[in-house]
Amino acid sequence: MFTHAIVKKPCHTMIYGITTANLGQPDYDLAMKQHAAYIDALQQCGVQVTILEAEEAFPDSCFVEDTAVLTRKFALITNPGAPSRKGEIASMIPVIKQFYPENNIEYIKTPGTLEGGDVMMVGDHFYIGISARTNREGAQQFINALKKYGMSGEMVPLSTVLHLKTGLSYIENNNLLIGGEFLENPAFSHFHHIEVAAEEEYSANCIWVNGKVLVPAGFLQTQKAIESLGYEVLTVDTSEYRKIDGGLSCLSLRF
């Protein structure tokens, strides 16, 4: 169960965020409304939400998930693989120190890179995507940290998606939203698959929070498949974040 979440308000410069989506420039005012609705959905799940102020110097900084990985035993401060995002961790460190003691905070060090969007937690085991943003050195540093705390991790090379959780979401109870390149990957064969249709591939990124599942609005096949398993679904519109390669999980740290 999660008790807390950390989010950061989108900055005006978010309209210049990194993107491969070709969906046009985000509408900042609409993005702010969507962010407020996202916070409301998290609160409906029973978590206390810490809301950080926007950082105009970093267009992608609302995607706080990439700056840290928060486990039940320790926090990991990442080292983002996108050069324009490396400065985002400086303001996140003092926030994390409000929740974790200094001796339970680990750091990814250069030449290692790691972004939280490449990390999927399944209990005390962590899947780590090897991507354009997370390299093997960063993943190995994380695995070493996990071992230090009696936890484990494994690497999953990616071929087409930006981050591991672009195409996968673990929603507890052995249920895994899965699509695209991961469907035949033996690393995930033991999960119960909820296959995400190609035309709804964006909805592979959902988040489980205390028994409820947040699902991006407008993806009815995925929504119905999750509801059929007995979950309560909360839909959240993230259209403006999709334009800069962001999804539901990217917008918060949950712990």
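I will try to describe carefully the structure that is included in this document. Predicted model, so just to flag it, every value in this text is computed and none were measured. (Residues numbered from 1 in each chain as written. Predicted model: local features only at pLDDT ≥ 70, side-chain atom pairs only at ≥ 80, totals over all residues. Heavy atoms only, no water.)

**Examining the overall build of the protein**
Condition: Strands here mean DSSP runs of E at least two residues long; helices mean DSSP runs of H or I at least four residues long; both are numbered from the N terminus. The buried label goes to any residue with under 20% of its type's maximum accessible area, the exposed label to any with over 50%, and the partly exposed label to all in between, with areas taken from a 1.4 Å probe on protein chains only. Contacts were defined at the residue level, with two residues in contact if any of their heavy atoms lie within 4.5 Å. For accessible areas, the Shrake-Rupley method is used with a probe of radius 1.4 Å. Any residue's cover is judged against the shown protein chains and nothing else. Only four residue types enter the tally: Lys and Arg on the positive side, Asp and Glu on the negative side; His and the chain ends are excluded. Where a charge sits is defined by one atom per residue type, namely NZ (Lys), CZ (Arg), CG (Asp) or CD (Glu).
Scanning the protein from terminus to terminus reveals 5 helices and 15 strands. Principal-axis analysis of the C-alpha atoms places the extent of the protein at approximately 45 × 45 × 35 Å. Here the protein, with 255 residues, has 58% of them falling under the buried criterion. Across the protein, the fraction of contacts at a sequence separation of at least 24, relative to all contacts at a separation of at least 6, is 68%. Only carbon and sulfur atoms are counted for the fraction: they give 53% of the accessible area of the protein, which is about 10600 Å². On the protein, the mean spot of the 19 positive side-chain charges and the mean spot of the 29 negative ones are 6 Å from each other.

**Thoughts on the packing of aromatic side chains**
Under the convention used in this document: Pairs were defined over the aromatic rings of Phe, Tyr and Trp, the Trp ring being its six-membered one, requiring ring centres within 6.5 Å. Orientation was assigned from the angle between planes: stacked under 30 degrees, edge-to-face over 60, tilted for the rest.
Scanning the entire structure with this criterion turns up 12 aromatic pairs. When the ring of F99 is compared with that of F255, the centres are 5.0 Å apart and the planes differ by 75°; the resulting orientation is edge-to-face. Of this pair, F99 sits in the loop between helix 2 (89-96) and strand 5 (105-107) while F255 sits in the segment after strand 15 (253-254), and the two are 156 residues apart along the sequence. By relative accessible area, F255 is classed as buried at 14%. Residues Y202 and F219 carry aromatic rings whose centres are separated by 5.8 Å and whose planes lie at 40° to one another, so their mutual orientation is tilted. Here the residue Y202 occupies a position in the loop between strand 11 (192-195) and strand 12 (207-209), and F219 occupies one in the loop between strand 13 (212-216) and helix 4 (220-227), the gap between them amounting to 17 residues. Each of the two residues, Y202 as well as F219, counts as buried. Ring pairs connect the aromatic residues Y127, Y170, F182, F188 and F191, which therefore count as one cluster.

**A closer look at unusual backbone geometry**
Put simply, T110 and P111 share a cis peptide bond, and its omega is 15°. Mapped onto the elements, P111 comes out in the loop between strand 5 and strand 6 (119-122). Despite not being glycine, N173 has its phi angle at roughly 55°, a positive value. Within the element layout of this structure, N173 appears in the loop between strand 9 (168-170) and strand 10 (175-178). Positioned with a positive phi, N210 is a non-glycine residue whose angle comes to about 55°.

**So, the sheet that holds strand 6**
Pairing between the strands of a sheet is mediated by backbone hydrogen bonds and can be parallel or antiparallel. Just so we agree on the cut-off: Think of it this way: DSSP has to see at least two bridges between two strands before they count as a pair. Axis definition: a line fitted to C-alpha atoms, limited for helices to the stretch in contact. Angles are taken between N-to-C directions and run from 0 to 180 degrees.
Ordered by their spatial adjacency, 3 strands build an open sheet running 6-7-8, and the pairing between neighbours is mixed. Of all the strands in the sheet, just strand 6 and strand 8 (152-157) have a single pairing partner and so form its edges. Direction aside, neighbouring strands of the sheet carry axes that sit 20° apart on average.

**Remarks on the sheet that holds strand 11**
Sheet architecture is open: 3 strands sit in the order 9-10-11, paired in mixed fashion. Strand pairing shows two members of the sheet lacking a second neighbour, strand 9 and strand 11, which therefore form its edges. Strand-to-strand, the axes of this sheet are offset by a mean angle of 25°, without reference to chain direction. In this sheet, strand 10 lies alongside strand 9 in antiparallel orientation, the contact comprising 3 bridges.

**Thoughts on the pattern of salt bridges**
As a reminder, the rule being used: For salt bridges, the criterion is a side-chain nitrogen of Lys or Arg within 4 Å of an Asp or Glu carboxyl oxygen.
One pass over the structure, following the stated rule, counts 12 salt bridges. One salt bridge in this structure joins E55 and K8, with 2.6 Å as the shortest N-O distance. Residue E55 is found in the loop between strand 2 (48-52) and strand 3 (68-70), and its partner K8 is found in strand 1 (residues 4-8); the two are separated by 47 residues along the sequence. Two residues, E65 and K165, come together in a salt bridge whose shortest N-O distance is 2.7 Å. With E65 in the loop between strand 2 and strand 3 and K165 in the loop between strand 8 and strand 9, this residue pair connects regions lying 100 residues apart in the sequence. K165 carries the same exposure label as E65, and that label is buried. Salt bridges linked by common partners bring E65, K165 and R254 together as one network.

**A look at helix 2**
What counts here: Directions pointing from the helix axis toward each C-beta atom define the arc.
When we look at burial in helix 2, the residues that qualify are I89, M92, I93, V95 and I96. Taken down its axis, helix 2 places every buried residue within 165° of arc, on the same side. Looking at the buried positions of helix 2, the neighbouring elements they touch are strand 1, strand 2, strand 3, strand 4 (75-77), strand 5 and strand 15.

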